[in-house]
Amino acid sequence: MSSTLGIAVIGAGKMGSDHVRRIGRTVGGARVVAVADPDGDRAKEVAAGLEGAGAHTDPAAAIAAPGVEAVLIASPGAAHEEAVLHALARELPVLCEKPLTPDPAGALRVMEAELRLGRRLVQVGFMRRFDAEYERLKELLDAGGIGRPLFLHCRHRNASSPAFFTSDMLISDSVVHEVDAARWLLGQEVTAVTVLSPTATAAAPEGVRDPRFVLLETSGGVIVDVEIFVNCGFGYQVQCEAVGEAGTARIGDGHAMVVQSAGRWGGEIDQDFTVRFADAYDRQLRRWVAAAARGRIAGPDVWDGYAAAAVSRAGLTAAHSGTRTAVDLVERPALYH
Ligand code: ISE
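Residues numbered from 1 in each chain as written. Predicted model: local features only at pLDDT ≥ 70, side-chain atom pairs only at ≥ 80, totals over all residues. Heavy atoms only, no water.

Peer 1: Is there a simple way to explain the side chain of Lys-98 in this structure?
Peer 2: Tracing the chain through its elements places Lys-98 in the loop between strand E5 (94–97) and helix H5 (104–117). Polar contacts involving the side chain of Lys-98 include one to the main-chain carbonyl oxygen of Asp-173, which spans 2.8 Å. Ignoring anything within four residues of it in the chain, the contact list for Lys-98 reads His-80, Val-124, Gly-125, Phe-126, Asp-173, Val-176 and His-177. (Helix = DSSP H or I, 4+ residues; strand = E, 2+ residues; numbered from the N terminus. Polar contact = N/O pair within 3.5 Å; in protein donor to acceptor, adjacent residues only side chain to side chain. Contact = heavy atoms within 4.5 Å.)

This is the structure we're talking about:
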């Protein structure tokens, strides 16, 4: 290994270029040595500002480029599996944006590849686990600070959704964060999903069922409800209230500063996840770089990516059929205990 970790970044869209900027500015000990994007001009544009970084259209070529010691995957979910498998074939540590794969079958193929290597090399980018408020809530729950958890009430709102966003993506791309957060906060698996959809907001693009209400049941008998609303118009909001036998705890109110002036009080609402979770993305990347330099990971693993994909799959079945749907999970291999 060199003194700075050489990273191939796969996908130069919104998240990929944000990570490239982050590696250059806020995360030490790493440098980007290759950038891949199907849009060659875009890859060149992102690589242009980075000394010695090559631009590629083929992810496999970027992963095989000289000096690559780790791989950060930020391409669309459907392209993740192939890129992760290329990286694993070279035994390189990976940070893969969520979802690991859109479907549980793809996540199982990644798991098989990792099991063959016998060590965990792939970390999934569920960045909320690195957010200071989520960390405090986790510590409180683990310490029994509000007693045994009974409910998690979650709200996940985006100001607007991109043009390519579908009704399914409210579950597989957005609620997947609450799925991971709930599993992690509670230390339990999600066992069943129900999805209800009210009349869509007039702000939703034609045919998109937004908002939706998703109910998760867990192996420990906790009920998690999620309001997902991706065209709320007013900003980006992620809130979670835990209700336990001995109290409640709530995060995400965004009350960093309350201004009182001219007979009014109030504050600002972040407009985007890259702003609300900027610190979490920084911390996630710093810890991953430090771990990857030692051939390890420092966060959610392939089991977490698989479990989230299995819950998403059940969620989509629940949404399409209108019925409560059980989550089907394989037995957890010892590598992930
Ligand atoms: C996006 O992909 C994210 O990961 C954001 O955190 C989430 O709020 C948004 O709904 C997703 O589309």
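Now that the structure is up, let's keep going.
Peer 1: Hey, could you run me through helix H1 (residues 14–25) in this one?
Peer 2: Residues that lie three or four places apart on an α-helix share one face, since the helix turns once every 3.6 residues. Here H1 contains 12 residues, and its C-alpha end-to-end distance of 17 Å stays within 8% of the 16 Å for a straight helix at 1.5 Å per residue. Of all the residues in H1, the buried ones are Met-15, Gly-16, Asp-18, His-19, Val-20, Arg-22 and Ile-23. (Expected span 1.5 Å × (residues − 1). Buried < 20%, exposed > 50% of the residue type's maximum accessible area, 1.4 Å probe, protein only.)

Peer 1: In this structure, what is going on with the site of the ligand? I would like to understand it.
Peer 2: Every residue lining the ligand is accounted for by Lys-98, Met-127, His-156, Asn-158, Phe-165, Asp-173, Ser-174, His-177, Tyr-236 and Phe-273. Tyr-236 is positioned with one of its side-chain polar atoms (N or O) 2.7 Å from an oxygen atom of the ligand. Coverage of the ligand by the protein chains reaches 90% of its 300 Å² of free accessible surface. Looking at the shell around the ligand residue by residue, the classes come out as four nonpolar, four polar and two charged. (Near = heavy atom within 4 Å. Areas by Shrake-Rupley, 256 points an atom, 1.4 Å probe, with all protein chains shown as cover. Nonpolar A, V, L, I, M, F, W, Y, C, P; charged D, E, K, R; others polar.)

Peer 1: Before we go on, may I ask you to explain the pattern of salt bridges in this structure?
Peer 2: One side chain can pair with another of opposite charge once the charged atoms of both are near each other. Evaluated as defined, the whole model comprises 24 salt bridges. Arg-109 is the partner of Glu-81 in a salt bridge, and the nearest nitrogen-oxygen pair spans 2.6 Å. Within this pair, whereas Glu-81 is found in helix H4 (residues 80–89), its partner Arg-109 is found in helix H5, the two being separated by 28 residues in sequence. According to the relative accessible area criterion, Glu-81 is buried, its value standing at 17%. Assessed through its relative accessible area of 41%, Arg-109 is described here as partly exposed. Ionic pairing is found between Lys-98 and Asp-173, a salt bridge with its closest N-O pair at 3.5 Å. Residue Lys-98 is located in the loop between E5 and H5, and its partner Asp-173 is located in helix H7 (residues 167–186); the two are separated by 75 residues in the primary sequence. (Salt bridge = Lys/Arg side-chain N within 4 Å of Asp/Glu carboxyl O.)

Peer 1: In this structure, what is going on with the sheet that holds strand E11 (residues 237–244)? I would like to understand it.
Peer 2: As a general point, the strands of a sheet are linked pairwise by backbone hydrogen bonds and lie either parallel or antiparallel. Pairing within the open sheet is mixed, and its seven strands lie in the order E12-E11-E7-E10-E9-E8-E15. Edge positions in the sheet fall to strand E12 (247–251) and strand E15 (325–326), since each of these pairs with one other strand and no more. The sheet contact formed by strand E7 (residues 149–157) and strand E10 (residues 223–229) spans seven bridges and is parallel. Bridge pairing in E10 links Arg-155 to Glu-227. Its contacts with the sheet place H7 against E7, strand E8 (190–196), strand E9 (212–218), E10 and E11, and it is angled at close to 145 degrees to E7. The sheet strands contacting helix H10 (residues 302–321) are E8, E9 and E15, and the helix crosses E8 at an angle near 35 degrees. (Pairing = 2+ DSSP bridges. Axes fitted to C-alpha atoms, helices over the stretch in contact; angles between N-to-C directions.)

Peer 1: Mind showing me how you'd approach unusual backbone geometry here?
Peer 2: When glycine is set aside, most residues are seen to have a negative phi, and most peptide bonds are trans. A cis amide bond links Lys-98 to the next residue, Pro-99, at an omega of -10 degrees. A positive phi angle, close to 55 degrees, is found at Glu-91, a residue other than glycine. Mapped onto the elements of the fold, Glu-91 is located in the loop between H4 and E5. Looking at Glu-91, the relative accessible area reads 42%, which means it is partly exposed. Unlike most non-glycine residues, Ala-262 shows phi in positive territory, near 50 degrees.

Peer 1: I would appreciate a short explanation of the pairing of strand E6 (residues 122–125) in the present structure.
Peer 2: The side chains of a regular strand alternate between the sheet's two faces. Side-chain alternation along E6 places Val-122 and Val-124 on one buried face and Gln-123 and Gly-125 on a second face that is also buried. Traced from E5 through H5 to E6, the parallel crossover comes out right-handed. (Right-handed = clockwise from strand over helix to strand, strands pointing away.)

Peer 1: Before we go on, may I ask you to explain the packing of aromatic side chains in this structure?
Peer 2: Two measures describe an aromatic ring pair: the distance that separates the ring centres and the angle between the ring planes. For the structure on display, the rule yields three aromatic pairs. When the centroid spacing of 5.2 Å and the interplanar angle of 55 degrees are considered together, the rings of Trp-303 and Tyr-306 count as tilted. Of the two residues, Trp-303 and Tyr-306 are both situated in helix H10; the distance of three residues between them amounts to about one turn of the helix. Residue Trp-303 is classed as buried on the basis of its relative accessible area of 1%. Classification of Tyr-306 by relative accessible area gives buried; the value is 2%. An aromatic cluster of three or more residues is present, and its members are Tyr-236, Phe-273 and Phe-277. (Phe/Tyr/Trp six-rings, centres within 6.5 Å; stacked < 30°, edge-to-face > 60°.)

Peer 1: Explain the pairing of strand E1 (residues 5–10) to me, please; I cannot follow it from the model alone.
Peer 2: Most of E1 is tucked away, with six of its six residues classed as buried. Burial along E1 is two-sided: Leu-5, Ile-7 and Val-9 and Gly-6, Ala-8 and Ile-10, pointing in opposite directions, are all buried. As paired strands, E1 and strand E2 (residues 30–36) are joined by six bridges and run parallel to one another. By the bridge assignment, Ile-7 is partnered in E2 with Val-32.

Peer 1: Explain the environment of His-153 here, please?
Peer 2: Within the secondary structure, His-153 is located in strand E7. Along the backbone, His-153 and His-337 are 184 residues apart, and their C-alpha atoms lie at a distance of 28 Å. When near neighbours in sequence (up to four residues on either side) are disregarded, His-153 contacts Asp-225, Gln-239, Cys-240, Glu-241 and Val-243. At a separation of 2.6 Å, a polar atom in the side chain of His-153 contacts the side chain of Asp-225.

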